[in-house]
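Here are the chains, one letter per residue:
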Amino acid sequence: MLIDDMASRCGEWLRGSGPESDIVMSSRIRLARNLADYPFIQRCTDIDRANIESTVRERLERSESLKDLTFINVADLELIDRQFLVERQLISREHANSDGARAVAIDSNERCSLMVNEEDHLRIQVMKSGFDLEGAWKQIDSLDDSIEEQLTYAFNPNLGYLTACPTNVGTGMRVSVLVHLPALVITKQIEKVFRSLQRINLVVRGLYGEGSQAMGDFYQVSNQVTLGKTEAELVQQVGDVVPVVIDYERKARDFLINEQQNDLFDRVSRAYGTLQNARQISSEETMFLLSRVRMGINLGLIGDLEIPKINQLFIHTQPAHLQKLYQSTLDTDERNVERAKYLKGQLKLSREGDPDQN
Amino acid sequence: MKCQKCEKPATFHITDLTGDELLALHLCPDCAKEYLQTEDSEEPTAPTMTGMLNQQLKLEQTAEDLKALDARKCPICGISFYEFRHAGRLGCPHDYVFFGDELDPLLVNVHGESKHTGKEPKRGVRDAESQTELIRLRREMREVIEQEDYERATELRDQIRTIEGEGQSDR
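Note that this is a predicted model, so its numbers are computed, not measured.

### Things to note about the packing of aromatic side chains
Move 1: Scanning the entire structure with this criterion turns up seven aromatic pairs over all chains.
Move 2: Between A:F218 and A:F314, the aromatic rings sit 5.1 Å apart at their centres with planes inclined by 75°, giving edge-to-face as the arrangement. You can see A:F218 sitting in strand β10 (residues 218-223) and its partner A:F314 sitting in helix α11 (residues 307-316), a full 96 residues away along the chain. There is no split in this pair, since A:F218 and A:F314 are both buried.
Move 3: Counting every residue linked through ring pairs, the aromatic cluster contains B:F81, B:F84, B:F98 and B:F99.
Move 4: The ring of B:F98 carries B:R72 above its face, with NZ or CZ at 4.1 Å from the centroid.
Move 5: The ring of A:Y38 has B:R138 lying over it, and the distance from NZ or CZ to the ring centre is 4.2 Å.

Okay, here's the thing in structure tokens:
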């Protein structure tokens, strides 16, 4: 099955490469679209939802340029598989937990995902590793064109693409950049950065979107407004501010290196030590410690680990991924034990695999 | 000097250094208090859309007007204004037209703009009315089937097929 194949890989946004990838994990754009001949989701009957799903699937499957997409029927999936897709950012939590006919189409690189029957009939998403909003926009723009050749979107010349929630109307576009800001958290400057972003109409969220806690010092910066600006302007609005945030984070890291070197080394080394030696560990603690180790690698404090390895550990230690790798369901306590075992094994492997290790 | 946010005299002169750029503000005591409070609050939360809408309605409508407005139902999807403002989600594309008088100021509040300037469907804007009509016809068909009016249901089915067929032929 597709999902089991995916489990051993990492997916695009954790590739750990691309511009500014020491601080920017991924760049993501989503477009909200609705079919013109159906009510919005809230007023859909079960039959409407099923018809939307089958219409979208049939039409898109006959398009040459969309051949790479694989449809997954989300309603039929086990809870753990839905959770797995959420952890990989291919579907939203709401999509995983809602009821009724719904699906997701994913390409083989996990760069594109297309949710059917989420808050809108279609939520198209493109992800790129590192800071590459231009690339993401180019790809999603052409994907949107290919889909539109097959389906009639709800569109009004004055208001643009019509969405179930008026806060998304117009472009229906959300541009988000996922940034790793551990030094701004340690130096307690993160709130200040958020406030200045909010003042220029940008939103800051945790790793898994609306209402989710900031896990492992990861934050998503995205646009709030969707109407009255072109897509290129929205890309630029977020694209202009991210380098400023990156610069703040680098300055905070420099400060820690120059002024609090001992403290910093201590934090990083303790984190690394715990990850290698713990006998049981929660997913929250793992994220927290991996975040510190990730920063340590980027600052050259840890020589025997690479960023892609850390990214792999980030995703594989999440609850659904861990159970997929273990090929069995585990309760929380069992997961904490298996997670510690997995981390220990993986970190030992990567140290032994490195000839420079002393 | 007048307050930058209202008409009262400005007696507070604030220089804000927390943002990217230096910000000079001249405010009356009330606006200054509000500004400084939002500055100090730990987590400034953006107002929700339904919150904005309710505030807008409170300012513009009497209780009776609001009651009448709440009862209005979209002829296409059947959602009432009351249902929309409680759930915060619209029922169909036509709601943007049908509830336009209430939605337009809300959109300006949320987005600061009211006109789309971005991308348009490549095939051009197709006949939106016939698409919307499909939503209404399917809904009516469900109702007449429930009432066991099969004659009308057959008529509706044919109308739906005709419009769907037109949509197919120009692909």
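### Examining the interface of chain A and chain B
Move 1: Counting from both sides, the interface comprises 51 residues of chain A and, opposite them, 48 residues of chain B.
Move 2: Across the chain A to chain B interface the summed buried area is about 4500 Å²; carbon plus sulfur atoms make up 53%.
Move 3: Area buried by chain A at its contact with chain B is led by A:R43, A:F155 and A:P166, which between them contribute 14% of it.
Move 4: On inspection of chain A and its partner chain B, the count reaches eight salt bridges.
Move 5: Measuring nitrogen to oxygen at the nearest pair gives 3.3 Å for the salt bridge that ties B:R89 to A:E119.
Move 6: Elements that contribute at least two residues to the side of chain A that touches chain B include exactly α2 (46-61), α5 (133-150), β7 (160-161), α7 (190-199) and α8 (231-259) of chain A.
Move 7: Residues belonging to the side of chain A that touches chain B are distributed by class as follows: 19 nonpolar, 15 polar and 17 charged.

### Considerations on the nonpolar core
Residues and elements named next belong to chain A.
Move 1: Grouped together as the largest cluster of nonpolar side chains are 108 residues, with contacts concentrated most on I29, V56, L85, I147 and V293.
Move 2: A total of nine residues in this core trace back to one element, the largest contributor, which is α8.
Move 3: Here this core spans two domains, and each of domain 1 (3-253) and domain 2 (261-352) adds at least three residues to it.
Move 4: With residues near it in sequence (within four places) discarded, L85 still touches I3, M6, L77, L90, I91, V104 and I106.

### A short note on the side chain of A:K128
Residue and element names in this part refer to chain A.
Move 1: Along the chain, K128 turns up in strand β5 (residues 122-129).
Move 2: The side chain of K128 sits in the buried core without any salt bridge; D132 is the nearest counter-charge, 4.7 Å away.
Move 3: Among the polar contacts listed, one links the side chain of K128 to the side chain of Q139, at a separation of 3.0 Å.
Move 4: Other than its neighbours up to four places away in sequence, K128 contacts E12, M25, S26, S27, R111, G135, A136 and Q139.

### Concerning the confidence of the model for chain A
Move 1: Averaged over every residue, the pLDDT of chain A is 91; residues scoring 70 or more account for 96%.
Move 2: Across chain A, the secondary-structure element scoring lowest on mean pLDDT is helix α1 (residues 2-7) of chain A, at 78, and the one scoring highest is strand β4 (residues 112-116) of chain A, at 97.

### Regarding the pairing of strand β1 (residues 24-33) of chain A
Residue and element names in this part refer to chain A.
Move 1: Of all ten residues in β1, ten are buried, a share of seventy percent or more.
Move 2: Across seven bridges, β1 lies against strand β8 (residues 173-180) in antiparallel orientation. Bridge assignment links I29 to a residue of β8, and that residue is V175.

### So, the side chain of A:H321
Move 1: With respect to the helices and strands, the residue A:H321 is situated in helix α12 (residues 319-326).
Move 2: Setting aside residues no more than four positions away along its own chain, A:H321 makes contact with A:A7, A:F84, A:E87, A:R88, A:I315 and A:H316.

### Section: the pattern of salt bridges
Move 1: For the structure shown, the criterion picks out 30 salt bridges over all chains.
Move 2: In this structure, the salt-bridge partner of A:E64 is A:K67, at a minimum N-O distance of 3.5 Å. Each member of the pair, A:E64 as well as A:K67, carries the same accessibility label: exposed.
Move 3: Taken together, the shared-partner salt bridges in this structure form one network comprising A:R33, A:D141, A:D144, A:D145, B:K119 and B:K122.

Cut-off values and rules
Residues numbered from 1 in each chain as written. Chains lettered and ligands numbered in written order. Predicted model: local features only at pLDDT ≥ 70, side-chain atom pairs only at ≥ 80, totals over all residues. Heavy atoms only, no water. Phe/Tyr/Trp six-rings, centres within 6.5 Å; stacked < 30°, edge-to-face > 60°. Helix = DSSP H or I, 4+ residues; strand = E, 2+ residues; numbered from the N terminus. Buried < 20%, exposed > 50% of the residue type's maximum accessible area, 1.4 Å probe, protein only. Lys NZ or Arg CZ within 6 Å of the ring centre and 35° of its normal. Contact = heavy atoms within 4.5 Å. Buried area = accessible area lost by both parts, 1.4 Å probe. Salt bridge = Lys/Arg side-chain N within 4 Å of Asp/Glu carboxyl O. Nonpolar A, V, L, I, M, F, W, Y, C, P; charged D, E, K, R; others polar. Core = buried A, V, L, I, M, F, W, Y, C linked by side-chain atoms within 4.5 Å. Domains from an automatic or database assignment. Lys, Arg positive; Asp, Glu negative; His and termini not counted. Polar contact = N/O pair within 3.5 Å; in protein donor to acceptor, adjacent residues only side chain to side chain. pLDDT = per-residue confidence, 0-100. Pairing = 2+ DSSP bridges.

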